[in-house]
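# Residue-level structure breakdown
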Amino acid sequence: MHGLGNDFMVIDQISHPVELSAEQIRSLGDRHRGVGFDQLLIIAPPTRPDADFSYRIFNADGSEVEHCGNGARCFARYVLMRGLAARSPIRVQTRNRLLELHTDDNARVSVDMGEPDFAPASLPFVADTRQPGYQLNVESYGTVDFQAVSMGNPHIVLTVADANTAPVGSLGPELYSHAAFPQGVNVGFMQIVDRDTIRLRVFERGAGETEACGTGACAAVACGIQAGLLNTRVRAVLTGGDLTIEWAGAGQPVIMTGPATTVFEGSVLI
Ligand SMILES: N[C@H](CCC[C@H](N)C(=O)O)C(=O)O
């Protein structure tokens, strides 16, 4: 499945109990020798009474992570198409959040992504006391300014003049693996087109640049609204297509709406 070109392998662990090692996940994610994906999504029974399902997310490098926005939309379509869920909304738990997923008739899914957390410790971001605010010295780039926010998974957002020419492939990896982020970080490059529109590219932790990043779009819009630069309903234009992101401000959840597409299904020998 994919959400705007951010592609996933989805395993229904309820019907097919399977445990995979990080090495097996990496080999399944290999685009030449395996199935190939940005993330693997595993659907499992819930472990808390207020959830209908739980949902585990693994990056292509085998690392397990806390959240995946595009994956949540694909998850909702999958469980409804397979009759695993009878109705919308669907409540699904990730490692650290409870999401509520709503589907409409034209294959679009709205996800309550929970509240953004701007506290540095939520990433975690270990601030360099010599650097005021959110700045880092990066070897080949000098001082880099950014905003930091957790959507359950860690994001930093750089505001750039033109997303098309932003140094995603060079600066992204340097920031993603910077010592200031002990658990790594997703790096968003946001161009503010107007108060209702951004262009965004994301170098994702554990996957590299993807065609779209749902939590990244939520993180970027929340940072833009927090900085007073965006209205409360924004069109996020990503390489793979558009998401609608809404955030009414502190104490409110971010709502993400977009498509979810099934490409094929099959079986794989592990
Ligand atoms: N690479 C992310 C997980 C996938 C997020 C992205 N695919 C989305 O749609 O939110 C991380 O390591 O936190």
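Residues numbered from 1 in each chain as written. Predicted model: local features only at pLDDT ≥ 70, side-chain atom pairs only at ≥ 80, totals over all residues. Heavy atoms only, no water.

The name given to the chain in an unreviewed UniProt entry is Diaminopimelate epimerase, and the organism recorded there is Pseudohongiella acticola. Regarding the chain, the UniProt comment filed under Subunit (unreviewed entry) reads as follows: "Homodimer." (UniProt positions renumbered as here; feature names shortened; annotations may be inferred.)

## Considering the side chain of Gln 39
Looking at the element boundaries, Gln 39 is found in strand E3 (residues 39-44). Of the polar contacts made by the side chain of Gln 39, one reaches the side chain of Glu 204; its length is 2.9 Å. Among all residues touching Gln 39, those that are not within four sequence positions of it are Asn 6, Asp 7, Phe 8, Met 9, Ile 57, Phe 58, Asn 59, Cys 68, Glu 204 and Ala 207. (Helix = DSSP H or I, 4+ residues; strand = E, 2+ residues; numbered from the N terminus. Polar contact = N/O pair within 3.5 Å; in protein donor to acceptor, adjacent residues only side chain to side chain. Contact = heavy atoms within 4.5 Å.)

## Some points on the UniProt feature "active site" (unreviewed entry) in the chain
When the UniProt feature table is mapped onto this chain, "active site" (unreviewed entry) is found at Cys 68 and Cys 213. Annotated residues spanning 146 residues; largest pairwise C-alpha distance 7.9 Å, indicating a single compact cluster. For Cys 68, the location among the structural elements is in the loop between strand E5 (64-65) and helix H2 (69-81). Excluding its chain neighbours within four sequence positions, the residues that come into contact with Cys 68 are Asn 6, Phe 8, Gln 39, Tyr 55, Ile 57 and Thr 215. Turning to its location among the elements, Cys 213 is positioned in the loop between strand E15 (208-210) and helix H4 (214-226). Taking the relative accessible area as the measure of exposure, Cys 213 reaches 4% and is therefore buried. Setting aside anything within four residues of it in sequence, one finds Cys 213 in contact with Asn 70, His 155, Val 202, Glu 204 and Leu 238. (Buried < 20%, exposed > 50% of the residue type's maximum accessible area, 1.4 Å probe, protein only.)

## Some thoughts on the pattern of salt bridges
Overall, the coordinates contain 12 salt bridges when judged by the stated rule. Across the pair Glu 265 and Arg 82 runs a salt bridge whose closest N-O atoms are separated by 3.2 Å. With Glu 265 in the segment after strand E18 (254-259) and Arg 82 in the loop between H2 and strand E6 (90-93), this pair connects stretches of sequence that are 183 residues apart. Taking the relative accessible area as the measure of exposure, Glu 265 reaches 63% and is therefore exposed. Judged by relative accessible area, which is 40%, Arg 82 ranks as partly exposed. Measuring nitrogen to oxygen at the nearest pair gives 2.6 Å for the salt bridge that ties Asp 242 to Arg 235. Accessibility expressed as a relative area gives 31% for Asp 242, which makes it partly exposed. (Salt bridge = Lys/Arg side-chain N within 4 Å of Asp/Glu carboxyl O.)

## Focus: the packing of aromatic side chains
In this structure the tally under the stated criterion is 9 aromatic pairs. Taken together, the ring pairs connect Phe 125, Tyr 134, Phe 146 and Phe 181 into an aromatic cluster. (Phe/Tyr/Trp six-rings, centres within 6.5 Å; stacked < 30°, edge-to-face > 60°.)

## Points about the pairing of E6
Working note: regular strand, side chains alternate between the two faces of the sheet. Pairing between strand E4 (residues 53-59) and E6: 2 bridges, direction parallel. Residue pairing in the sheet places Ser 54 in a bridge with Gln 93 of E6. Relative to strand E7 (residues 98-103), E6 is paired through 4 bridges, and the arrangement is antiparallel. Residue pairing across strands places Val 92 opposite Leu 99, the latter belonging to E7. (Pairing = 2+ DSSP bridges.)

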